[in-house]
Amino acid sequence: MTTPYDQGIEDMLTLYQKQRAEASETRRRINEVTGTGSAPRQAVKVTVTAQGELTAVEFPTGAYHRMAPKELAEALMAAFAEARADAMTKVAELTDLSLPPGVRVADLVEGKVDPGTLLPDTPGMPDSVSDYLANGRPTGGLRG
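This report concerns the structure included in the present document. (Residues numbered from 1 in each chain as written. Predicted model: local features only at pLDDT ≥ 70, side-chain atom pairs only at ≥ 80, totals over all residues. Heavy atoms only, no water.)

Broken down by element type, the protein chain carries five helices and three strands. When the helices and strands of the protein chain are listed from N to C terminus, the series reads α-β-β-β-α-α-α-α. Going through the 144 residues of the protein chain one by one, you find that 27% of them count as buried. Once local pairs closer than 6 in sequence are excluded, the contacts in the protein chain between residues at least 24 apart make up 55%. Total accessible area on the protein chain stands at roughly 9,400 Å², and carbon and sulfur atoms take up 54% of it. (Helix = DSSP H or I, 4+ residues; strand = E, 2+ residues; numbered from the N terminus. Buried < 20%, exposed > 50% of the residue type's maximum accessible area, 1.4 Å probe, protein only. Contact = heavy atoms within 4.5 Å. Areas by Shrake-Rupley, 256 points an atom, 1.4 Å probe, with all protein chains shown as cover.)

On to the pairing of strand E3 (residues 54-58), then. As paired strands, strand E2 (residues 45-49) and E3 are joined by four bridges and run antiparallel to one another. Its bridge partner being in E3, threonine 47 is matched across the sheet by alanine 56. The hairpin turn running from E2 into E3, its antiparallel successor, is four residues long, and glycine 52 in that turn takes a positive phi close to 90°. (Pairing = 2+ DSSP bridges.)

Judged by how many residues are buried, E2 sits mostly within the fold: four of five residues are covered. The pairing of strand E1 (residues 34-38) with E2 spans five bridges and is classified as antiparallel. In the strand pairing of E2, serine 38 is matched with lysine 45. The loop that links E1 with its antiparallel partner E2 comprises six residues; one of these, arginine 41, has a positive phi angle of about 65°.

Moving on: the environment of valine 91. Among the structural elements, valine 91 can be located in helix H2 (residues 69-94). On the accessibility criterion, valine 91 (0% relative accessible area) is buried. Distance in space between the C-alpha atoms of valine 91 and glutamate 32 is 9.7 Å, their sequence separation being 59 residues.

This next bit is on unusual backbone geometry. Positive phi is not limited to glycine here, since arginine 41 has a value of about 65°. Tracing the chain through its elements places arginine 41 in the loop between E1 and E2. Phi at glutamine 42 takes a positive value of approximately 55°, unusual for a residue other than glycine. With respect to the helices and strands, glutamine 42 occurs in the loop between E1 and E2.

Attention now goes to the sheet that holds E2. Strands sit in the order E1-E2-E3 across an open sheet of three strands; the sheet is antiparallel. Every interior strand has two partners, whereas the edge strands, E1 and E3, have only one. Here the average twist between neighbouring strands, direction ignored, is 15°. Across the sheet, H2 touches E1, E2 and E3, and the angle it forms with E1 is around 145°. (Axes fitted to C-alpha atoms, helices over the stretch in contact; angles between N-to-C directions.)

Have a look at this one:
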């Protein structure tokens, strides 16, 4: 016989599993994000991952031929910064979710937080609930 207590526990576990799956899906989508940035005069264009890893460098025009090494380096750094900002904006758009207190989207993006640690395999619960799940209704029934 199922009691309201049983149903409440089942509902809680179902919600927990849904939240855990959503966290994993969000992480997968974040891993697919790329950002791009270009330097002035299109001297250089770069692509980065959501974590800021440089994945491509292009020189769409011949403008870089006329640049001093320091100027080219500054252009590259500017394009890189723009690409990272672009990636972060895209991630923020993806993560329209409620994160636990103290967890920042940037920490997720930079790989500093594993979604599995946000929602562990087994939810925390009082010993009485764990005992109930393992052994059924406590002796003497529920008090109301």
